[in-house]
Amino acid sequence: MFGYVQIRKPELKIKDYEVYHAFYCGLCERLRAKYGLAGRITLTYDMTFLIILLSSVYNIKCRHEKRHCIVHPAKKHRILYNEITDYCADINYLLSYYQCIDDKNDDASLRGGAGALVYKKGAKQVEKSYKRQADAVKKSLGRLSVLEKDRAYNIMENASCFGSLLAELFIYKDDIFKVYLGDMGYYLGRYIYIMDAYDDLQEDIKKGRYNPFKDSVKEDGFEENTREMLLNEISAACGAFERLPCINYIDILRNILYAGVWNRYDYIHAKKKEEEN
């Protein structure tokens, strides 16, 4: 379900892209250091965004290093990381564990079952360290699983489950910023769920799989209504974001929230036009 919270690279300054990439590589490195190769392959753009956001809100300094890696064996590359990177690495690993369980339960996926076994030990350690977040993940995904098994076609009810999950992950401390961070995570989570359902719709129809849009896709104005839904959710997320004291990395964050989150949507519509032509 993740992968939608990305930069829009052509609209990002080179210096800002280099900073973004350094944070991305920093997350990759910390996943490797904490969880080995199994951790590294869980790397996501979405958690890179959360690292940059929380680092900006709390003005947390980063460690700067240059290292070789498998992807860049010939030349050292810049990495940035801090305490937020470790937090996001742990949460990323936990989410990957539950994603594997979900795949195993939904499709009897051998890959999901194998992944669940690989990630289980590390995920249980994360649950002990971040009980609030782990409880939110289990509760929200459990509720979402029930709705999906019952073939519930109320997209907003489903989306709210994922929004509640992301809200708890965005709250890093019990302080004055938690309300805005929680609201931002909630609406961004709803956006991600709706976008994911929209993205998977045609394939789910072909394969006879559940999708909360299956009924409404037949209605007049489906495309317009879906776009309006997405606009409402991301607008609310951006409204909460603009109330946070973000100064560092502000251009990167706005590039993602106002442009990058639409990358997949724009790709889907470009593909549809191409097929029509």
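Criteria and cut-off values
- Position numbers for residues start from 1 in each chain and track the written sequence from start to end.
- This being a predicted model, a pLDDT of at least 70 is required before a residue's local features are given, and a value of 80 or more before pairs of side-chain atoms are given or counted; all residues contribute to the totals for chains, interfaces and linings.
- With hydrogens and water excluded, all non-hydrogen atoms of the structure serve as input to the side-chain values.
- Runs of H or I in DSSP of at least four residues are treated as helices and runs of E of at least two as strands, each being numbered from the N terminus.
- Our radius of gyration is a C-alpha quantity, and the globule rule it is checked against amounts to 2.2 Å times the number of residues to the power 0.38.
- For every residue, the accessible area obtained with a 1.4 Å probe (protein chains only) is divided by the maximum for its type, and the residue is called buried under 20%, exposed over 50%, and partly exposed between those limits.
- The criterion used for residue contact is that any of the two residues' heavy atoms lie within 4.5 Å.
- Using the Shrake-Rupley algorithm and a 1.4 Å probe, accessible areas are obtained, with residue cover drawn only from the displayed protein chains.
- In this tally Asp and Glu are treated as negative and Lys and Arg as positive; neither His nor the chain ends contributes.
- Think of each charge as sitting on NZ of Lys, CZ of Arg, CG of Asp or CD of Glu.
- In this analysis, rings of Phe, Tyr and Trp, with Trp reduced to its six-membered ring, are considered paired at centre separations within 6.5 Å, and the interplanar angle assigns stacked below 30 degrees, edge-to-face beyond 60, and tilted for intermediate values.
- Ring-over charges, as used throughout, are those where CZ of Arg or NZ of Lys falls within 6 Å of the ring centre and within 35 degrees of the ring normal.
- Here, nonpolar core refers to any group of buried Ala, Val, Leu, Ile, Met, Phe, Trp, Tyr and Cys residues whose side-chain atoms link them within 4.5 Å.
- Here, expected helix span is obtained from the residue count minus one, scaled by 1.5 Å.
- The directions from the helix axis to the C-beta atoms are what the arc is built from.

## Notes on the overall build of the chain
Turning to step 1, where the next piece is worked out: A tally of helices and strands in the chain yields 10 helices and 2 strands.
Turning to step 2, where the next piece is worked out: Each helix and strand of the chain, placed in order from N terminus to C terminus, yields the pattern α-α-β-β-α-α-α-α-α-α-α-α.
Turning to step 3, where the next piece is worked out: Compactness check: the chain gives a C-alpha radius of gyration of 19 Å against a globular reference of 19 Å for 277 residues, within 12% of the reference.
Turning to step 4, where the next piece is worked out: Over its C-alpha atoms, taken along the principal directions, the chain stretches across nearly 55 × 45 × 40 Å.
Turning to step 5, where the next piece is worked out: The 277 residues of the chain split such that 51% are buried.
Turning to step 6, where the next piece is worked out: For the chain, restricting intrachain contacts to residue pairs at least 6 apart in sequence, the fraction spanning at least 24 positions comes to 71%.
Turning to step 7, where the next piece is worked out: Summed over all atoms, the accessible surface of the chain reaches about 14,300 Å², with 51% contributed by carbon and sulfur.
Turning to step 8, where the next piece is worked out: Here the chain contributes 43 positive and 40 negative side-chain charges, whose respective centroids are spaced 8 Å apart.

## So, the packing of aromatic side chains
Turning to step 1, where the next piece is worked out: Within this structure, the stated rule accounts for 17 aromatic pairs.
Turning to step 2, where the next piece is worked out: Aromatic side chains Tyr97 and Tyr98 sit 5.1 Å apart centroid to centroid with 70 degrees between the ring planes, which places their arrangement in the edge-to-face category.
Turning to step 3, where the next piece is worked out: The exposure class assigned to Tyr98 is buried, which follows from its relative accessible area of 12%.
Turning to step 4, where the next piece is worked out: Relative to Phe222, the ring of Tyr198 has its centre 6.3 Å away and its plane inclined at 40 degrees; by these criteria the two rings are tilted. On the criterion of sequence distance, the pair formed by Tyr198 in helix H7 (residues 178–207) and Phe222 in helix H8 (residues 222–241) is long-range, its members being 24 residues apart. Like Phe222, Tyr198 is buried.
Turning to step 5, where the next piece is worked out: Grouping aromatic residues by their ring pairs yields a cluster made of Tyr191, Tyr198, Phe213, Phe222, Trp262 and Tyr265.
Turning to step 6, where the next piece is worked out: Across from the ring centre of Tyr17, 4.4 Å away, lies the NZ or CZ of Lys9, which sits over that ring.
Turning to step 7, where the next piece is worked out: The aromatic ring of Tyr58 is capped on one face by Lys173, whose charged end is 4.9 Å from the ring centroid.

## Some details on the nonpolar core
Turning to step 1, where the next piece is worked out: Core analysis: the largest hydrophobic core is formed by 88 residues, its most contacted members being Phe49, Leu53, Phe170, Leu181, Met184, Leu188 and Phe213.
Turning to step 2, where the next piece is worked out: The contacts of Leu53, once residues within four sequence positions are left out, are Phe170, Leu181, Met184, Phe241, Leu244, Cys246 and Leu253.

## Focus on H8
Residues three or four positions apart in an α-helix share a direction because the helix packs 3.6 residues into each turn.
Turning to step 1, where the next piece is worked out: Here H8 spans 29 Å end to end across 20 residues, near enough to the 28 Å set by a 1.5 Å rise per residue.
Turning to step 2, where the next piece is worked out: Listed in full, the buried residues belonging to H8 are Phe222, Thr226, Met229, Leu230, Glu233, Ile234, Ala237, Cys238, Ala240 and Phe241. An end-on view of H8 places all buried positions within 160 degrees of arc, on one side of the element.
Turning to step 3, where the next piece is worked out: Its buried side turned inward, H8 meets helix H2 (45–57), helix H6 (155–170), H7, helix H9 (250–258) and helix H10 (263–276).

## Some remarks on helix H5 (residues 131–149)
Turning to step 1, where the next piece is worked out: End to end, H5 covers 27 Å across 19 residues, agreeing with the expected 27 Å (1.5 Å per residue, within 8%).
Turning to step 2, where the next piece is worked out: All of the buried residues in H5 are Gln133, Ala134, Ala136, Val137, Ser140, Leu144, Leu147 and Glu148. On an axial view of H5, the arc spanned by its buried residues comes to 160 degrees, and they lie on one face. Exposed residues on H5 whose side chains face more than 90 degrees from its buried face are Lys131, Lys139 and Lys149.

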